[in-house]
Structures are given as C-alpha cells and as structure tokens.
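A structural walkthrough
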Amino acid sequence: KDNKRYVIIITFLLVYLFITNYTASVSRSIFLFIILYLNKRCDLNISNVNCYLLSISILLFIFPNFLYDIGFIYSSLVSFALIKYSYILKGNYFISLLKVSTLAFLFSLPITIMNNYEINILSIINNLFFVPIISFIVYPLSLITLIIKPLDIILINITDLIEYISNFLFVYNIIIPKMNVIIVLLYYILLALFMKTYNKLYLIFMLVVVLIPKYTYLIDDNYYVFFLDVGQGDSTLIKYKDEAILIDTGGKVSFNKEEWMQGKKSYVSDNIIKFMKSIGITSLDYLIISHGDYDHAGDAEHLIDNFKVDKVILNCGTYNNLENKIIMSLFQKNIQYDSCIDELYLKDNKLHFLNTKEYNNENESSSVIYVKLNNYKFLFMGDAGVEKENDILNKYNLENINFIKIGHHGSNTSSSKEFIDTLNPKYSLISVGKNNRYGHPKEDVLETLSKSKIYRTDLNGSIEVTINTKGYRIKNYSP
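Scope of this entry: the structure provided in the associated data block. Please read all numbers here as calculations on a predicted model, not as lab measurements.

Our focus in this paragraph is the sheet that holds strand S15 (residues 403–405). Within the open sheet, the 7 strands sit side by side as S11-S12-S13-S14-S15-S16-S17. Their pairing is mixed. Strand pairing shows two members of the sheet lacking a second neighbour, strand S11 (343–346) and strand S17 (453–456), which therefore form its edges. Strand-to-strand twist of the sheet, defined as the mean angle between neighbouring strand axes without regard to direction, takes the value 20°. Sheet analysis places S15 next to strand S16 (residues 427–430), joined by 3 bridges and oriented parallel. Across the sheet, residue Ile404 finds its bridge partner in S16, namely Ser428.

Here we take up the side chain of His440. Within the secondary structure layout, His440 lies in the loop between S16 and helix H16 (443–448). When neighbours within four sequence positions are excluded, His440 is seen to be in contact with Gln232, His408, His409, Ser411 and Val432.

The next thing to look at is the pairing of strand S18 (residues 463–468). Burial of S18 is extensive: 5 of the 6 residues sit out of reach of the surface. Sheet analysis places strand S3 (residues 223–227) next to S18, joined by 5 bridges and oriented antiparallel. Looking across to S18, one finds that Tyr223 is bridged to Ile467. Where S18 folds back onto strand S19 (residues 471–476) in an antiparallel hairpin, the turn is made up of 2 residues.

This paragraph deals with the packing of aromatic side chains. The relation between two aromatic rings is expressed through the spacing of the ring centres and the mutual angle of the planes. Within this structure, the stated rule accounts for 26 aromatic pairs. A centroid spacing of 5.4 Å and a plane angle of 80° characterise the contact between Tyr187 and Tyr188, whose relative ring orientation is edge-to-face. Summarising the aromatic geometry, the rings of Tyr376 and Tyr472 are spaced 5.2 Å apart at their centres and angled 85° between planes, so their arrangement reads as edge-to-face. A residue pair is termed long-range when its members are at least 10 positions apart, and Tyr376 in strand S14 (residues 376–380) and Tyr472 in strand S19 qualify at 96 residues. Judged by its relative accessible area of 26%, Tyr472 falls in the partly exposed class. By way of ring pairs, the aromatic residues Phe227, Tyr376, Phe378, Phe380, Phe403, Tyr427, Tyr455 and Tyr472 are connected into one cluster. The aromatic ring of Tyr6 is capped on one face by Arg5, whose charged end is 5.9 Å from the ring centroid. Lying over the aromatic face of Tyr455, Lys453 brings its terminal NZ or CZ to 5.5 Å of the ring centre.

Reading the values: the criteria
Residues numbered from 1 in each chain as written. Predicted model: local features only at pLDDT ≥ 70, side-chain atom pairs only at ≥ 80, totals over all residues. Heavy atoms only, no water. Pairing = 2+ DSSP bridges. Helix = DSSP H or I, 4+ residues; strand = E, 2+ residues; numbered from the N terminus. Axes fitted to C-alpha atoms, helices over the stretch in contact; angles between N-to-C directions. Contact = heavy atoms within 4.5 Å. Buried < 20%, exposed > 50% of the residue type's maximum accessible area, 1.4 Å probe, protein only. Phe/Tyr/Trp six-rings, centres within 6.5 Å; stacked < 30°, edge-to-face > 60°. Lys NZ or Arg CZ within 6 Å of the ring centre and 35° of its normal.

Without other data, these values stay purely geometric and don't point to any function.
Rendered as structure tokens:
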C-alpha cells in the first residue's frame with residue numbers, strides 16, 4: 001500500500017513539475033522527496049542530510065544553471081538548515097515557527113543582501129503573523145475558490161490587505177552594500193560555529209561582519225563617477241564618502257514580461273535604485289534634472305517615490321509639463337527644490353553650473369555642469385546644443401577636460417568641432433541606447449571625438465571612473 005501511495009504521489013509531483021516548467025526550487029523539493037523515498041524503499045540507511053546533499057549534487061550535475069537561480073539558492077540553503085538542525089525546532093506551534101523563521105533568516109541573510117542590498121530586520125517577527133494567515137486562511141480559501149467562484153473577491157481583498165501590511169507596516173529596512181566573497185564565507189563560518197556552540201559571541205561577530213561593507217566609506221577617500229546605462233537616456237551618479245548626487249534619471253518605461261497582464265511597469269530607475277543600494281547609498285543629497293526631456297527626467301517621480309531624496313535642482317528657463325509634474329510630486333513629499341543655481345558643494349569640491357542665458361529650446365536650456373575632482377576635470381553637457389556650446393566658449397575658459405559626457409547622446413546638433421577642439425577632452429562618454437531609432441551617435445560626431453578615447457553605454461555598459469590622489473581608474477559593466 002505504501003509503495004502504491006508513493007508511486008501515485010510521485011506521479012502527481014512529476015506532472016506538477018512539468019506544469020511549473022521544471023522550476024529550480026520545485027525540482028529540488030520533488031527530487032529530494034524521490035531520493036528520500038528510494039532511501040526508505042531500498043533500506044539504504046542514508047541520513048536525511050546526506051540524502052539532501054545527494055539530491056542537490058545530482059540536480060546541479062544535470063542542470064548546472066540552477067546554481068545561478070535565486071529561488072534554488074534560497075530554498076537549498078533554508079532547506080539544508082531545517083533538515084540539519086531539525087532537532088532544535090521542537091516546541092509549541094509559535095515557538096517552533098519562531099525557530100524556523102530565525103534559522104531561515106540567518107542562513108539566507110547573505111543571499112538576501114547580495115540580491116536586494118537591504119534587509120527587513122522585522123522579517124522574523126513578520127513570519128509569526130503571516131505564516132498562520134497564509135496557512136490557515138489564504139491557502140484553504142484559494143482551494144475553496146476553485147469550487148465557489150464568488151469567493152474570489154474575499155480572497156483578493158485579503159491578499160491585498162496582506163500585501164499592504166507587508167509593504168508598509170511591518171517594515172524596517174536597512175540598506176547594506178554588496179558583500180564580497182570573503183565576507184560571505186566568514187559569515188557562514190561564524191554561523192556554523194554558532195550553531196555548534198550556541199555561543200552568542202559568534203552572533204555578535206556575524207553582525208559585525210555583515211555591517212562591514214556599510215561603513216567602508218569611512219576609510220574610502222575615492223571619488224566615484226558612474227555613467228549609468230539607462231538605454232536611450234542619461235543618468236550619472238557622483239559619490240564621495242556618504243554623499244551622492246544623481247544627474248538625471250533616464251526615462252524609458254517598459255513592461256515586465258511576467259507581470260505584463262497585470263500592467264505593472266518596470267522603470268529604469270528601479271535598476272538605478274538597486275545599484276545605489278549595492279554601493280551603500282542610502283539617500284541622494286541632490287537629484288539634478290538637467291532639463292525636462294523624458295529621457296532625462298521621465299523617471300524622476302518614480303525615483304523620489306521609492307528612494308530618499310533630500311533636494312532637487314532644476315535647470316534655468318520655463319518648466320514644461322513633465323517638470324511641473326515633478327514639482328507637484330516634490331510639494332506632496334515636502335522635498336525642497338531649487339532652479340537656475342550657479343554652484344553646488346560636494347565636500348570640498350564645487351559643481352559649477354555654466355549658465356549663459358535663457359533659451360526657448362528645452363535642449364539648449366540643459367544645465368551644463370563642470371566639476372574638478374582631485375584636479376581631474378569633468379563636464380556634463382546634458383542635451384546642450386551648438387548654440388549653448390558657443391555661448392559657453394564665449395563666457396568660460398575651458399580646456400583640457402579629462403572627462404566629458406557628450407551632449408544629446410552623440411547627436412550632430414551638439415559637439416561642434418570648435419567646441420571639442422577647444423576642450424580637448426581625453427575621454428568622451430556617450431550615453432546612448434543600443435540600436436536606437438535616432439542613429440545616435442552620429443558618425444561625424446564620432447569623427448570629431450576621434451582624438452579622445454570614446455566610451456559608449458550601448459557598447460560598454462555602465463562606466464565607472466574612480467578618482468583619488470594617485471590618479472584614476474576606469475572600468476565598465478556589461479550592457
């Protein structure tokens with residue numbers, strides 16, 4: 001009877017595996033169930049831990065790409081912890097649930113940080129609230145609604161309420177930058193020692209290890225300038241110590257493939273926010289909007305809705321509809337803003353806004369920003385065209401620029417030969433989308449820039465410039 005029952009269960013599980021398209025985490029759990037059955041059926045007397053390790057090893061041998069699947073990594077680590085330390089999970093329902101939540105939190109913590117760059121320190125307590133509701137209300141109600149369709153509305157309201165509570169009430173997030181391999185290994189060594197000895201000192205050491213990346217800025221004297229790959233748009237991040245300035249947000253809106261039917265948009269600023277968290281930025285001191293074109297400012301509202309921004313700087317001239325919407329959002333969130341300023345401080349350095357005159361063209365009205373970082377000269381051109389370039393040459397004495405963010409994505413309405421020859425840039429950086437419909441950057445602009453080293457976000461991805469007293473280093477990330 002047992003054999004027939006197991007055969008029926010395994011058959012159903014294999015059908016379910018097919019329906020879920022062999023999802024990594026589902027494959028792991030079903031494969032482990034089969035290994036455990038064979039172990040019992042054949043009297044192999046293999047321990048549960050070894051059965052688990054055997055199932056993982058065979059799966060990774062067959063599907064090595066599972067190693068990069070976040071669901072597989074999460075479920076594998078947590079399942080290992082629960083199997084290995086099952087003997088400590090005894091107690092009444094809530095005590096047992098608390099132990100399971102704590103164990104899962106500790107074993108998955110580095111993975112959470114490496115993927116989200118923040119943790120909700122209330123997540124252990126959250127499980128005490130959400131798990132019983134999901135187990136005893138949501139899950140049974142989901143099955144009932146398959147038969148009694150009108151109950152859908154109750155299920156939807158309950159899940160919406162749970163989502164609201166989980167997103168806004170039981171949340172205390174701490175941003176923790178990306179951890180290197182050495183710190184991750186050290187964390188798990190300390191965790192193993194704690195699980196063996198239950199010495200609370202190891203817990204303290206684990207906390208210290210996790211927080212190390214968060215405070216490395218205290219001993220880091222480098223300036224960082226990131227020319228971010230946001231497709232056909234602009235976004236540049238300047239970071240020094242615990243200060244950060246973002247120039248433009250990009251603005252390409254796309255639909256998440258998996259959520260398309262629900263109409264949920266995916267914003268380029270989501271990637272910007274995640275990147276900022278990964279390098280330890282918890283807030284922006286300034287968000288500078290060079291001008292009101294969508295590919296520069298389209299994600300500003302979304303960014304200030306989802307990340308702390310202390311102050312916003314707008315360009316000179318009149319505001320268009322997009323800029324007025326941004327200003328309305330700033331009022332609603334009580335965020336200060338200023339416009340048409342002359343300079344901005346970054347520690348001991350100044351960002352100079354090269355204001356010339358007011359223009360009746362959005363691109364020409366772009367803020368053009370000049371800054372010296374450890375004597376290396378940066379110039380950010382926004383979408384400024386030839387007219388403003390000429391006005392800048394007439395008003396300011398600029399030459400031998402080390403890094404220039406080329407105006408208007410390499411369009412031939414910008415980067416005149418006279419302007420580029422006068423500036424004599426060493427590096428030209430073009431923020432441009434791959435195979436864009438405008439044909440940017442133009443061939444004649446690339447020819448004008450040919451005396452400099454050219455970096456393009458469509459070919460080189462995001463570009464990082466690190467500056468210190470000894471010099472600078474450039475590296476890029478794949479598009």
